[in-house]
Amino acid sequence: MNLDRLPALWADLLRHPTSLPVALGAAIAVLALGFFAYRLLFALLSRAARATRTSLDDLLLRRMRLPARLLVALLALHTFIALRGAELPTLHKGVLLLELALASYLAIEIAETMVIDYWLAERRKVQLPALVRHLLLTILYLVAGLSIVGAVTGVDLVPLLATSTVITVVLGLALQDTLGNLFAGLALHSERSFGVGDWILVDGIEGQVVYVGWRSTRLRTFSGDIVILPNSIIAKARVQNFCAPDRTCARNIEMLVALDAAPEAVERAAQRAYAQVPDILREPPPRLWLAAVTPLFQRYVIKFWIADFERHDLLESELMRAFFRACRDEGVALSPAAAQPGLAVDPRILDPRAAVDPTAAPVVLPAIVAVPAAPAPAAASGKAEAGA
């Protein structure tokens, strides 16, 4: 048999439609053969998927089953329409569009799973940002759709869209902000400034990144509110990432103590405060330094590290409370008024409406001195002696 004559015979067959029973029988035969090949192919693929360690192939097979069945049914319908000749030209083009669309969908899904999910994510340990992934898939589907429509209808839509001045101007004006946010989001992803789960500070808004999309980024604040920020604003703003380069975060708190407080006593109080808050990290160790000395008080800064920025408010509060108790035990005053034995104040500050003698001496406020806590046993023995 001369195989070179098969195309000519098929073209001659299409020019002369076959009878309805023959066309229907051929369609049923194609349907049966297609489903047999489908079951055989997926049985082999399932056996190969069970032999691998990854679950991506199992997921891919589940996503491919329905489109593959539809493709087999469309091939049978295509055979029936082709054998009937030119009786149904519109239906023939519609079926052909659906066949090519399903084939393109299967090809893109396979490429996405094998390249992005398996080769990049599992083998190379490279997590492609969701925004970049969606953009690539959109471009692939758009190119495939335009190519299919152009191949079936005979109209090349790509040059038409590219050369249309009116469409270009309208799309450029309508999508100006959207495209700006999109490219800003791509720049943020390429630089890896932050990711989902990071705590960041943008334009005075502090929150955790919960979603990064095409147009905007969503933050969840400490109060539980969702703040939506356009990517173009984030790209222009100063962004502080509290989770980079790692999750460890340093915090500073300031404490004011009396001017006559001994630095050694303050250091002992700080050491006791560190020991009372077990959730602050011991490595790097917390540090204390004298930042400033004024005529009224000394200003100390305590720096410590935490492993979870979400708890920084709670841990700062616990450390300040522990430092306050430790200073009380060490006899260190925290009030600036305790910087001197007495603080001279103009009487007009106390009551501006009162008539004050200009020659009167300033009012001297008593110093506020922290009294060390008395031990409980000593207090009990004192009460016993007083009762006696």
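Everything quoted here is computed from the prediction, not taken from an experiment. (Residues numbered from 1 in each chain as written. Predicted model: local features only at pLDDT ≥ 70, side-chain atom pairs only at ≥ 80, totals over all residues. Heavy atoms only, no water.)

Colleague: How should the side chain of Arg 251 be read in this particular structure?
Modeller: Along the chain, the position of Arg 251 falls in strand β6 (residues 249-258). Since its relative accessible area comes to 17%, Arg 251 is described here as buried. Within polar-contact distance, the side chain of Arg 251 engages the side chain of Glu 316 at 2.8 Å. Those residues in contact with Arg 251 that lie beyond four places of it in its chain are Phe 242, Ile 302, Lys 303, Phe 304, Ile 306, Phe 309, His 312 and Glu 316. (Helix = DSSP H or I, 4+ residues; strand = E, 2+ residues; numbered from the N terminus. Buried < 20%, exposed > 50% of the residue type's maximum accessible area, 1.4 Å probe, protein only. Polar contact = N/O pair within 3.5 Å; in protein donor to acceptor, adjacent residues only side chain to side chain. Contact = heavy atoms within 4.5 Å.)

Colleague: Would you explain the pairing of strand β4 (residues 226-230) in this entry?
Modeller: Side-chain positions along a regular strand alternate between the two faces of the sheet. The side-chain alternation of β4 yields one buried face, formed by Val 227 and Leu 229, and one unburied face, formed by Ile 226, Ile 228 and Pro 230. Pairing of strand β3 (residues 216-220) with β4 involves five bridges; the strand directions are antiparallel. By the bridge assignment, Arg 218 is partnered in β4 with Ile 228. (Pairing = 2+ DSSP bridges.)

Colleague: What should I look at first to understand the pattern of salt bridges in this one?
Modeller: Side chains carrying opposite charge are able to pair once their charged atoms draw close together. Throughout the structure, instances matching the rule amount to nine salt bridges. Across the pair Asp 279 and Arg 311 runs a salt bridge, and its minimum N-O distance is 3.0 Å. Placement of the pair is Asp 279 in the loop between α10 (263-276) and β7 (287-293) and Arg 311 in the loop between β8 (297-306) and α11 (312-330), with a sequence separation of 32 residues. Classification of Asp 279 as partly exposed rests on a relative accessible area of 38%. Taken together, the shared-partner salt bridges in this structure form one network comprising Arg 268, Arg 272, Arg 328, Asp 329 and Glu 330. (Salt bridge = Lys/Arg side-chain N within 4 Å of Asp/Glu carboxyl O.)

Colleague: Could you clarify how one ought to interpret the pairing of β7 in this entry?
Modeller: As paired strands, β7 and β8 are joined by six bridges and run antiparallel to one another. Pairing of Leu 288 across the sheet is with Ile 302, part of β8. Hairpin remark: β7 followed by β8, antiparallel, with three residues in the connecting loop.

Colleague: Can you help me understand the packing of α10 against α11 in this one?
Modeller: Angle between the axes and distance between the axes are the two parameters that describe a pair of packed helices. α11 packs onto α10 with a crossing angle of 135° between their chain directions and a minimal axis gap of 8 Å. As summarised for this structure, α10 and α11 are arranged oblique, according to the angle between their axes. Between α10 and α11 the crossing geometry is right-handed. Listed contacts from α11 to Ala 265, Val 266, Arg 268, Ala 269, Ala 270, Arg 272, Ala 273, Tyr 274 and Gln 276 of α10 are Leu 319, Ala 322, Phe 323, Arg 325, Ala 326, Cys 327, Asp 329 and Glu 330. Across the contact of α10 with α11, the residue classes tally to eleven nonpolar, one polar and five charged. (Axes fitted to C-alpha atoms, helices over the stretch in contact; angles between N-to-C directions. Parallel < 35°, antiparallel > 145°, perpendicular 65-115°, else oblique. Left-handed = near helix turned anticlockwise from the far one by under 90°. Nonpolar A, V, L, I, M, F, W, Y, C, P; charged D, E, K, R; others polar.)

Colleague: Can you help me understand the sheet that holds strand β2 (residues 205-212) in this one?
Modeller: Strands pair in a sheet through their backbones, by hydrogen bonds, and they do so in one of two ways: parallel or antiparallel. One open sheet holds the five strands; their spatial order is β4-β3-β2-β1-β5, and the pairing between them is antiparallel. Of all the strands in the sheet, just β4 and β5 (239-241) have a single pairing partner and so form its edges. Shown here is a sheet whose adjacent strand axes are inclined to one another by a mean of 40°, direction ignored. Bridging between strand β1 (residues 199-202) and β2 involves four bridges; their strand directions are antiparallel. Paired with Ile 200 across the strands is Gly 207, a residue of β2.

Colleague: Mind showing me how you'd approach unusual backbone geometry here?
Modeller: Note: most peptide bonds trans; most residues except glycine with negative phi. In the segment running from Ala 244 into Pro 245, the intervening peptide bond is cis, with an omega of 5°. Position of Pro 245 among the secondary structure elements: in the loop between β5 and β6. A cis amide bond links Glu 283 to the next residue, Pro 284, at an omega of 0°. Tracing the chain through its elements places Pro 284 in the loop between α10 and β7. The phi torsion at Asp 203 lies on the positive side, around 50°, for a residue other than glycine.

Colleague: Help me understand the nonpolar core, please; the structure alone is not making it clear to me.
Modeller: Side chains of a nonpolar character, in soluble globular proteins, are inclined to be buried together. If you look at the biggest cluster of nonpolar residues, it comprises 30 residues, and the most contacted ones within it are Val 266, Ile 302, Leu 319 and Phe 323. Mapped onto this core, the elements with two or more residues apiece are β6, α10, β8 and α11. If we ignore the near neighbours within four places in the chain, the residues touching Ile 302 are Arg 251, Asn 252, Ile 253, Met 255, Tyr 274, Arg 287, Leu 288, Leu 319 and Phe 323. Counting 18 residues, the second-largest nonpolar core is a separate cluster that includes Ala 23, Ala 49, Leu 60 and Phe 80. (Core = buried A, V, L, I, M, F, W, Y, C linked by side-chain atoms within 4.5 Å.)

Everything listed here is a matter of coordinates, which is why it stays silent on function.
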